[in-house]
Amino acid sequence: MHDFNLCLPTKIVFGRGIEARIGTELKALGATRVLLHFGSGSVRKSGLLDQVEASLTEAGLTFVEFGGAQPNPRIELVREGMEVCAREKIDFILAVGGGSAIDSAKLIAHGYATGRDPWEFIATGEKPDRTTPLGTVLTLSATGSEMSDSAVITNGDLKRGLSTPLNRPLISFLNPENTFTVSKFQTGCGIVDTMMHTLERYCTPDTDTDLTDRIAEALLVSVRDAGRVAIAHPDDYEARATLMWASTLSHNGLTGCGKDYAFTVHKLEHDISGLHPAVAHGAGLSVLFPAWMYEVMERDVRRFARLAVNVWGCTMDHDHPARTARAGIDAMRAYFREIGMPTTMAELGVTPADYAAIADLTTGGGTKTPPSCYGELTRERILHIYNLAE
Ligand code: NZQ
Ligand code: ZN
């Protein structure tokens, strides 16, 4: 087991009816003037925004609405949000929505507190030294941004992440009922993304991390089963609750303790949804992850076979463990199809004519390679992964 640090300062308030507590909880954190940041309107339509605003008013807090975060959020809106914060003398930012609204809010928080353009942090690798107090009201179980140390933003066709402990919200309100209205497609995207945050940590060269691996396998099995139920019955509270808690645990660091990981497939996916903003993050992962597994599995057959047996119900073929590993990847792909997710590049609207441009984005035109646990991922190998996903 490698050495590790894990600091999870986010207070989680989980369950039905928690919206009524938002005002008092924020007040206890020192909030007086709150920026409410959200997406393109689902929270208004569902009535959630009204509930949040009523709770803030009840606690004597004032608020300013600032919506418009798009899926794959953009830096321009972040800059606008910083101006609103300054004009309105905001002292707390509350994101109400999915990963896009939350990530956009995180970057507004850093930019407003530091007076710097947040893209500078991404471009230079410098980290913000302070931020604005931030909370979330989650409406989509997927990214784990409600407790993660990351934020992802797009500038032009560059989609990039910023990792810093300051990205972890002070508080997150998780009511599974707020995800009943999520479409089947976005529910599927969320299931895949949640699985991938754990799998990116799990699919790494074997180290002695049995406890972490078993936590990972338990999470994956729970998501697999709850996912089936939520797709068939969108208002099944227990299934939605499992998916919501899993999305939070899957990307807060728990399922990677003691492991050394690279998040390679996320990097590959971000370059696809950067160039093709209509591609949802979870859909891109659903196509790329199995293809990446086929590409690398020979380098770590034991681990991929363990996953096949413990998560995908395959029987271990001790004479031919590679067959077991391959059967596990096939089973995962079949599961993605079962829940309505794409498994080919064509289904994403990405054609072979696009491959070179995406691979160039990832490799700087063949001059660098993305982080990888299984050997250098050259431009050639990346193109091979796209071909495996055809
Ligand atoms: O914008 P609104 O109107 O809210 O609609 C959204 C959007 O159209 C809708 N939606 C959300 N909650 C809903 C709902 N519709 C009905 N009922 C609800 N309760 O769903 C659509 C997608 O929302 P979005 O926030 O874009 O999805 P998601 O949560 O998957 O976030 C994706 C973004 O997060 C990044 C992704 O790359 C992408 O940019 N990620 C962030 C991470 C992090 N910060 O830790 C890690 C992830 O790996 C990921 O990269
Ligand atoms: Zn993800």
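Residues numbered from 1 in each chain as written. Chains lettered and ligands numbered in written order. Predicted model: local features only at pLDDT ≥ 70, side-chain atom pairs only at ≥ 80, totals over all residues. Heavy atoms only, no water.

Visitor: Help me understand the site of ligand 1, please; the structure alone is not making it clear to me.
Guide: As a matter of local geometry, ligand 1 sits amid 31 residues, with S42, G99, S100, D103 and S148 nearest to it. Between S100 and ligand 1, the recorded distance is 2.6 Å, taken from a side-chain N or O atom to an oxygen atom. A distance of 2.8 Å is found between a nitrogen atom of ligand 1 and a side-chain nitrogen or oxygen belonging to T181. Out of a free accessible area of 960 Å², ligand 1 has 88% covered by protein chains. Of the residues contributing to the shell around ligand 1, the split by class is 7 nonpolar, 21 polar and 3 charged. (Near = heavy atom within 4 Å. Polar contact = N/O pair within 3.5 Å; in protein donor to acceptor, adjacent residues only side chain to side chain. Areas by Shrake-Rupley, 256 points an atom, 1.4 Å probe, with all protein chains shown as cover. Nonpolar A, V, L, I, M, F, W, Y, C, P; charged D, E, K, R; others polar.)

Visitor: Please clarify how the coordination of the zinc ion (ligand 2) should be interpreted in this entry.
Guide: Reference geometry at the metal: tetrahedral coordination by four donors gives ideal angles of 109.5 degrees; octahedral coordination by six donors gives 90 or 180 degrees. Summarising the metal site, the zinc ion (ligand 2) is bound by the protein donors D193 (OD), H197 (NE2), H266 (NE2) and H281 (NE2), whose distances to it range over 2.0 to 2.2 Å. We note that the donor set of the zinc ion (ligand 2) lies within a single chain, spaced as D-x3-H-x68-H-x14-H. Pair noted here: D193 is in helix α7 (residues 184-202) and H281 is in helix α11 (residues 281-296), with a separation of 88 residues, a long-range link. Each member of the pair D193 and H281 is classed as buried. (Donors = N, O, S within 2.8 Å, 3.2 Å for Na, K, Ca; no water. Helix = DSSP H or I, 4+ residues; strand = E, 2+ residues; numbered from the N terminus. Buried < 20%, exposed > 50% of the residue type's maximum accessible area, 1.4 Å probe, protein only.)

Visitor: Which parts of the structure should I look at to understand empty space enclosed by the protein?
Guide: Gaps between atoms show up when a probe of the same size as a water molecule is rolled over them. Scanning all chains against the criterion turns up 2 cavities of 30 Å³ or more. Quantified by volume, the largest cavity comes out at close to 70 Å³. Every residue along the wall of the largest cavity is listed here: L140, S141, V182, T187, G190, I191, T194, V223, R240 and L243. Elements supplying a minimum of two residues to the lining of the largest cavity: α7 and α9 (237-250). Sorting elements by how many residues they give to the lining of the largest cavity places α7 first, with 4 residues. The residue inventory of the lining of the largest cavity, partitioned by class, reads 5 nonpolar, 4 polar and 1 charged. Its volume calculated, the second largest cavity comes out at about 50 Å³. L199, E200, C203, A262, F263, T264, F289, W292 and C373 are the residues that line the second largest cavity. Looking at the lining of the second largest cavity, the elements with two or more residues in it are α7 and α11. Taken together, the residues of the lining of the second largest cavity sort by class into 7 nonpolar, 1 polar and 1 charged. (1 Å grid on protein atoms, 1.4 Å probe; cavity = no way out; pocket = protein on both sides within 12 Å on 5 of 7 lines; lining within 4 Å. Points joined across faces, edges and corners; volume = space filled by probe spheres on them.)

Visitor: How should I be thinking about the pattern of salt bridges in this particular structure?
Guide: Pairing is possible between side chains of opposite charge, provided their charged atoms come close. All chains considered together, the criterion is met by 22 salt bridges. Of the charged contacts, one joins K11 and E25 as a salt bridge, the two residues approaching to 3.0 Å between their closest N and O atoms. Here the residue K11 occupies a position in strand β1 (residues 11-14), and E25 occupies one in helix α1 (residues 22-28), the gap between them amounting to 14 residues. On the basis of relative accessible area, K11 is assigned to the partly exposed category, the value being 41%. With relative accessibility at 13%, the residue E25 sits in the buried group. Put simply, K267 and D271 hold a salt bridge, and the shortest N to O gap is 3.3 Å. Of this pair, K267 and D271 both sit in helix α10 (residues 264-275), separated by 4 residues, roughly a single helical turn. Using a relative accessible area of 21% as the deciding quantity, one classes K267 as partly exposed. The structure contains a network of salt bridges with shared partners spanning D210, R214, E217 and R306. (Salt bridge = Lys/Arg side-chain N within 4 Å of Asp/Glu carboxyl O.)

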